[in-house]
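Spelled out from the first residue to the last, the chains are:
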Amino acid sequence: MDFSGRVWGATRAEHSAPYPCDRLVTAPSEGWTRAVDIAASPAHVFKWLRQLTIAPYSYDWIDFRGRRSPHALLPTPPDLSVGQPFLVFEIASFTTDEHITGLLPVALAKRHGHMAVSYAVRPHGAGSRLIVKVITETGGTTRQRLRRRILAWGDLVMMRKQLLTLKKLAEGSAEPEANAANA
């Protein structure tokens, strides 16, 4: 068990695997990895990930100023483009049905240090595995290092809620044949 706030739900292999976000932080860094199984196809889960450009799907009263994240897929999924806001990040790269990777904007990086994230969807049995890796620089001032340590725990709480919410919504709205295969 990891008591550092760095890992939740991820296997050792998932935690040590390379992700697109890894190349975005060139300073000495550490990774935080979170993962969950979802009984829905990677393409379906990715539709929900696209909606992270418009809502956080965590504790809405904190992250979304009390507004409710949509609990249905939008009829037309949000377009993705490099530089587009993605949670607190800006999209740095994406591959449809595989990953969305973001980089912390300069203003936030000055406060927290350089940070990047990849939301990766992988086929897993009849469904998917949603793996999120956050990579953050380890250097900086004592204040920045302390802030990141606290942020790791806060991120763990918020992202756990986010992943479980996405799991519930994706499974509840999955294609009928995917639901039948997982019954």
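The coordinates are above.
Residues numbered from 1 in each chain as written. Predicted model: local features only at pLDDT ≥ 70, side-chain atom pairs only at ≥ 80, totals over all residues. Heavy atoms only, no water.

Colleague: I keep staring at the overall build of the protein and nothing clicks. Help me out?
Modeller: Helix and strand counts for the protein stand at six helices and seven strands. In the protein, the succession of helices and strands from N to C terminus is β-α-β-α-α-β-β-β-α-β-β-α-α. Within the protein, buried positions represent 45% of all 183 residues. A separation of at least 24 residues holds for 67% of the contacts in the protein among residues at least 6 apart in sequence. Total accessible area computed for the protein in this model is approximately 9500 Å², and 59% of it derives from carbon and sulfur atoms. (Helix = DSSP H or I, 4+ residues; strand = E, 2+ residues; numbered from the N terminus. Buried < 20%, exposed > 50% of the residue type's maximum accessible area, 1.4 Å probe, protein only. Contact = heavy atoms within 4.5 Å. Areas by Shrake-Rupley, 256 points an atom, 1.4 Å probe, with all protein chains shown as cover.)

Colleague: Please clarify how the packing of aromatic side chains should be interpreted in this entry.
Modeller: When we look at a pair of aromatic rings, we describe it by the centre distance and by the angle of the planes. Scanning the model with the defined rule gives one aromatic pair in all. Seen in terms of ring centroids, Phe86 and Tyr119 are 5.5 Å apart; in terms of plane orientation they differ by 85°. Their pairing is edge-to-face. Of this pair, Phe86 sits in strand β3 (residues 85-86) while Tyr119 sits in strand β6 (residues 115-124); the two residues are 33 residues apart in sequence, bridging distant segments of the chain. The residues Phe86 and Tyr119 share a single accessibility class, namely buried. (Phe/Tyr/Trp six-rings, centres within 6.5 Å; stacked < 30°, edge-to-face > 60°.)

Colleague: Got a minute to help me understand the side chain of Ser128 in this structure?
Modeller: Residue position: Ser128 is located in strand β7 (residues 127-137). By relative accessible area, which is 1% here, Ser128 ends up buried. Those residues in contact with Ser128 that sit more than four places away from it in its chain are Val36, Asp37, Ile38, Ala40, Ser41, Pro42, Val45, Val121, Arg122 and Pro123.

Colleague: In this structure, what is going on with the sheet that holds β7? I would like to understand it.
Modeller: Each strand in a sheet pairs with its neighbour through backbone hydrogen bonds, running either in the same direction (parallel) or in the opposite one (antiparallel). The strand order across the open sheet built from seven strands is β1-β2-β7-β6-β5-β4-β3, with neighbouring strands paired in mixed fashion. For this open sheet the edge positions go to β1 (7-8) and β3, each flanked by a neighbour on one side alone. Pairing between strand β2 (residues 29-38) and β7: 10 bridges, direction antiparallel. Residue pairing for β7: Arg34 is matched across the bridge by Val132. (Pairing = 2+ DSSP bridges.)

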